[in-house]
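Secondary and tertiary structure notes
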Amino acid sequence: MIQVDLTGQVAVVTGAAQGIGEVILSRLLEAGASVVAIDLKAGDKCGFDQNRYLFIQSDVSDFDAAKEVVNRVLERFGRLDILVANAGINRDQVLWKMTKENWADVINVDLGGAFNYFAAASSAMKQQNSGKLIAISSINGLRGKFGQTNYSAAKAGVIGLVKAAAKELGKYSIRVNAVAPGFILTEMTDKMPEKYRNMAIEETVLKKAGKPEDIANAVLFLASDLSSHITGEVIKVDGGQYI
Ligand code: NAP
């Protein structure tokens, strides 16, 4: 049986206090990696092996803070192998009602956060001549979504970031990929009116919502050597919601 073994590797996951990020964090720990969780708020992670787990409260939209976080990771664990830029928010409004604050907040967190952490982590990974950068985009960055010009633009931007970074970093054996989830049951989608949740499920060809584990499994694949010849790629995990 093939098993993902990330023993000795060090990972950073942003937005790891809940939802998809929290499950990515658990999966990476289960696979043997040491993991640093970044979030605005602390999650309850007392049960984790504290030798392989560190929580840092930080805002991903802060460029200098991302550099400080990576420096702390290097001080504590000596290396950085896997970076998962997962933190994201949505502030839905149709274009003609979109406030400049809602536009800027989503761009700064969803796209800016991925840029800040990719930039900081790539410096460390270049020194090692190895690494995996993984961003959580969205199918709405591929297809555009009504009411989400800000979010769709940010998530499309993440895909551009991934493809350009893959070209720049390939010679250092750093692979850069994205996962594009469809409708996944998390605190983020709990806030959606039931009508829209049902519409999203109806859009899938599998006629079901995804779970955070579905996304975490794709991340684990991209973080492992099972994907050693894959870079600059976007993997949709959406039950066929956008075909
Ligand atoms: P979630 O349940 O809202 O969790 C996101 C986490 O990120 C929260 O703990 C949040 O903290 C944190 N966060 C927000 N802004 C941050 C910042 N500036 N700095 C640090 N942490 C921050 O969301 P999710 O559903 O797990 O989504 C995870 C990722 O998947 C996001 O990028 C999202 O866009 C993407 N995605 C989700 C779906 C879906 O259907 N769920 C679909 C496609 C893509 P607060 O709660 O304090 O804000």
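Above this text is the structure in question.
First things first, this report covers the structure right here in the doc. (Residues numbered from 1 in each chain as written. Predicted model: local features only at pLDDT ≥ 70, side-chain atom pairs only at ≥ 80, totals over all residues. Heavy atoms only, no water.)

**Considerations on helix α3 (residues 100-128)**
How we decide: Numbering goes from the N terminus for both helices and strands, where a helix is a DSSP run of H or I of at least four residues and a strand is a run of E of at least two. Expected span of a helix, by definition, is 1.5 Å for each gap between consecutive residues, and there is one gap fewer than residues. To obtain the bend at a residue, axes are fitted to the seven residues ending there and to the seven starting there, and the angle between these axes is taken.
Counted at 1.5 Å a residue, the expected span for α3 with its 29 residues is 42 Å, and the 40 Å between its end C-alpha atoms agrees. The largest bend along α3 reaches roughly 40° and is located at Gly 112. Positive backbone phi, approximately 60°, marks Asn 129, located one or two places after α3.

**Topic: the site of the ligand**
The condition is simple: The near set for a molecule or strand comprises every residue that places at least one heavy atom within 4 Å of it. Polar contacts here mean pairs of N or O atoms no more than 3.5 Å apart (in protein, one a potential hydrogen donor and the other a potential acceptor; neighbouring residues in sequence count only if both atoms are side-chain atoms). The protein chains shown are the only cover counted for residues, whose accessible areas, like all others here, come from Shrake-Rupley with a 1.4 Å probe. Under the convention adopted here, Pro, Cys and the residues Ala, Val, Leu, Ile, Met, Phe, Trp and Tyr are nonpolar, Asp, Glu, Lys and Arg are charged, and Gly plus all remaining residues are polar.
In the vicinity of the ligand there are 29 residues, among which Lys 41, Asp 59, Asn 86, Tyr 151 and Thr 186 approach most closely. Residue Leu 40 places a main-chain N or O atom 3.4 Å away from a nitrogen atom belonging to the ligand. One of the backbone nitrogen or oxygen atoms of Gly 182 is found 3.4 Å away from an oxygen atom of the ligand. In isolation the ligand offers 890 Å² of accessible surface; the protein chains occlude 90% of this area. Elements with a minimum of two residues in the shell around the ligand: α1 (19-30), α5 (149-169) and α6 (187-190). The leading source of residues in the shell around the ligand is α6, at three residues. Tallied by class, residues from the shell around the ligand come to 13 nonpolar, 11 polar and five charged.

**Some details on the packing of α1 against helix α8 (residues 212-223)**
Defined as follows: What counts as an axis is a line fitted to C-alpha atoms, over the stretch in contact for a helix, and the angles between N-to-C directions run from 0 to 180 degrees. Each angle is binned into one of four classes, with values under 35 degrees roughly parallel, values over 145 roughly antiparallel, values of 65 to 115 roughly perpendicular, and all other values oblique. Helix crossings fall into two classes, left-handed where the near helix is turned counterclockwise from the far one by less than a right angle and right-handed where it is turned clockwise. Should any heavy atoms of two residues lie within 4.5 Å, those residues are counted as being in contact.
In contact at an axis separation of 8 Å, α1 and α8 are set at 50° when each is read in the N-to-C sense. Between α1 and α8, the interaxial angle falls into the category oblique. α1 and α8 meet at a crossing whose hand is right-handed. Along the contact surface, α1 presents Gly 19, Ile 20, Val 23, Ile 24, Arg 27 and Leu 28, while α8 presents Pro 212, Glu 213, Ile 215, Ala 216, Asn 217, Val 219, Leu 220 and Ala 223. Classifying every residue of the contact of α1 with α8 by side-chain character gives 10 nonpolar, two polar and two charged.

**Focus on the packing of helix α2 (residues 63-77) against α3**
Relative orientation of the contacting elements α2 and α3 amounts to 40°, with a least axis distance of 9 Å. In terms of crossing hand, the pair formed by α2 and α3 is right-handed. Residues Phe 63, Ala 66, Lys 67, Val 69, Val 70 and Leu 74 of α2 touch α3, and the partners they reach there are Phe 115, Asn 116, Tyr 117, Ala 119, Ala 120, Ala 121 and Ala 124. Among the residues making up the contact of α2 with α3, the classes are represented as 11 nonpolar, one polar and one charged.

**Quick word on the pattern of salt bridges**
For clarity, the threshold we go by: Salt bridges are defined as contacts in which a side-chain nitrogen from Lys or Arg sits within 4 Å of a carboxyl oxygen from Asp or Glu. Partly exposed describes any residue whose relative accessible area lies between the buried limit of under 20% and the exposed limit of over 50%, with all areas from a 1.4 Å probe on protein chains only and scaled to the type maximum.
If you walk through the whole model with that rule in mind, you get seven salt bridges. Asp 81 is the partner of Arg 79 in a salt bridge, and the nearest nitrogen-oxygen pair spans 2.7 Å. In this structure Arg 79 comes out as partly exposed when scored by relative accessible area, which is 31%. Across the pair Glu 202 and Lys 207 runs a salt bridge, and its minimum N-O distance is 3.3 Å. In this structure Glu 202 comes out as exposed when scored by relative accessible area, which is 52%.

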